[in-house]
Amino acid sequence: MKINDVTLSINENLKDVFSKYPGIVFHGIAETVLKKQGTVEMYMPALFLDSGDYQYVGIDNTFTMIGYHKLNRLSTSFQLNSVKSYGRKEGIYTNNYSLSLFLYYDRKKIKLFPDEVYLKIISALQNGMKIKGFNSVIARINEVILNSQQVFQKEYKGVDFKLPVEKSILEIGYTVEGTFDKDCLDNCRC
Amino acid sequence: MAYDVYYPGGCASIIPDHYCNDCEQPEKGRISSAAFIKDSFEFNDPSDPNEWITGIQNKEIIIIPKTNGSFDGGSEVESTGYGRVATYLSGYNFQAIFNDPNYKLNADFYNAIKNSRGYRFAYVTETLVHVTTVPVSVVPKNPVQDDVTSDVVWNITVKWSDKNLPIPYDVPPGIFECFDYTGTIS
C-alpha cells in the first residue's frame, strides 16, 4: 500500500486523457536531487530507483509531454469508533497526502492553453480508485500554478538552460485522502 | 380442622452471593465477533477452545470473526401478576445487530441462515463470549447508502426470546479468527 500506487493509477488516467498525442510519458513520485558541475549546483527532479541510482525525469525535448509527481507532506488522523472498524479495532486511520503534479509539454505539438490542459487533468483525477491496502481513496485538486517561468525556476534551480516560450510547465497541487486498516497494510517490501 | 399445606411456602429462587471488586477491569463494548451454533450442539464449557474446534470441524458452529454491532440488553416482557403483585417479569425479547464486512461471497450464507430455525447465537465483546440458550431468528439485510465513500456490508439483526439473560464466559482463545472450512484450524 503506497502512495506511489495512487500516482501510477492517476498516470494511467492521464495517458488515456492525452492518448491522442504521441511522445507522452508520466512518472511516479520524483525527488529533487542536487547535481554539481564543477562549482555550479543544479537542482532537478529524478526518480529514486531500487538499484540506488537516480533517473532524471525532468524536461526532455524528445518527449511531447512529461509528467511526474512530488510528495510534499503527509499527515495522519485517526477516527475513533468508526463504523468501518471491525473486531477489537478502535477506529480507522486516514492519511492525507499533499502532492504536486508537474506537467511539462510542448505547446507547438499539443495545441492547448495551460488552463485547457489543467481541465483535462481534473478529469483524470477520478475518485473510486481501488488501491490495494486502502479502504477508500479520494483525490482532490487544490490549485494550479500556470506561470511556467515560476514553476521552472522552482524545479530547476541553478540549471544552465532556459525554458523556451513554446514550452509550458504547470504545477498542479492535489490532495489524496486514503483511509486504511493498519492491520491490512501490505509491508511485503520490508 | 387443619389443612395440609397446598401451596409450598415462598416461591423465591435461591439468590447467589453478589460479587464486588472496586478495581475490576471493565469489559469494553461492541459485538466484535459472532457465531451461529446448531441447536443440537451443547457446550460443557463455552470457554474451552477444544469444544469450539470440534463444533467448527463438524460444521455445527459457524464463526463470523470480525464484526461491529450492539446488543440491546433485552426488552422486558411483563405478565399480569397474582395476589398483591401487579406484574411479574416473565422474560425478555432480545435483539442483537451486527455488521459483517465480508460482503460479496456471503450472499448464499445469509440467504440460507435466514430460513433456519435451528441455530443459537453467540456474540463476543472484549474478552467475553455470550451464548444464547434458545434458537434465534436471523434477519439479514444489505443496504446501500448514497455515499461513494461508504461500505456495503451485511447488516444482521438477530432476535430471540428467553427467560434469562445471556451469561458471559471467557472467550476461548484462537477461535474467533478468520480461517477456511477445510476442517483444520491453523
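See the structure printed just above.
Residues numbered from 1 in each chain as written. Chains lettered and ligands numbered in written order. Predicted model: local features only at pLDDT ≥ 70, side-chain atom pairs only at ≥ 80, totals over all residues. Heavy atoms only, no water.

## Here's the deal with the pattern of salt bridges
Once the charged atoms of two side chains with opposite charge are near each other, the side chains can pair. Residue and element names in this part refer to chain A. Evaluated as defined, the whole model comprises nine salt bridges over all chains. Residue Lys167 pairs with Asp106 through a salt bridge whose shortest N-O separation is 3.0 Å. Here Asp106 lies in strand S6 (residues 91-106) and Lys167 lies in strand S8 (residues 167-180), a separation of 61 residues in the sequence. Assessed through its relative accessible area of 6%, Asp106 is described here as buried. Here Lys154 makes a salt bridge to Glu171, at a shortest N to O gap of 2.9 Å. Placement of the pair is Lys154 in helix H3 (residues 148-155) and Glu171 in strand S8, with a sequence separation of 17 residues. Judged by its relative accessible area of 8%, Glu171 is buried. (Salt bridge = Lys/Arg side-chain N within 4 Å of Asp/Glu carboxyl O. Helix = DSSP H or I, 4+ residues; strand = E, 2+ residues; numbered from the N terminus. Buried < 20%, exposed > 50% of the residue type's maximum accessible area, 1.4 Å probe, protein only.)

## Focus: the sheet that holds strand S4 (residues 54-56) of chain A
Residue and element names in this part refer to chain A. If you walk across this open sheet you meet the three strands as S2-S3-S4, and the pairing is antiparallel. The open sheet is flanked by strand S2 (31-37) and S4, the only strands paired with a single partner. On average, each strand axis in the sheet is inclined to that of its neighbour by 60°, with strand direction left out of account. Both S2 and strand S3 (residues 40-48) contribute to a ladder of seven bridges, which runs antiparallel. Considered in S3, the bridge of Val33 is made with Met44. (Pairing = 2+ DSSP bridges. Axes fitted to C-alpha atoms, helices over the stretch in contact; angles between N-to-C directions.)

## Digging into the packing of aromatic side chains
Going through the model one piece at a time under the given rule, you end up with 26 aromatic pairs over all chains. Ring plane angle 55° and centroid distance 4.8 Å describe the contact between Phe78 of chain A and Tyr93 of chain A, whose orientation is recorded as tilted. Taken together, the residues span a long stretch of sequence, with Phe78 of chain A in strand S5 (residues 65-80) and Tyr93 of chain A in strand S6 at a distance of 15 residues. According to the relative accessible area criterion, Tyr93 of chain A is partly exposed, its value standing at 26%. Each ring, one from Phe121 of chain B and one from Trp160 of chain B, has its centre 6.1 Å from the other, and the planes form 50°; the classification is tilted. Here Phe121 of chain B, found in strand S6 (residues 119-124), pairs with Trp160 of chain B, found in strand S9 (residues 154-162); they are 39 residues apart in sequence, far enough to count as distant. Take Phe121 of chain B and Trp160 of chain B: they sit in the same class, and that class is buried. (Phe/Tyr/Trp six-rings, centres within 6.5 Å; stacked < 30°, edge-to-face > 60°.)

Coordinates in, geometry out; function isn't part of it.
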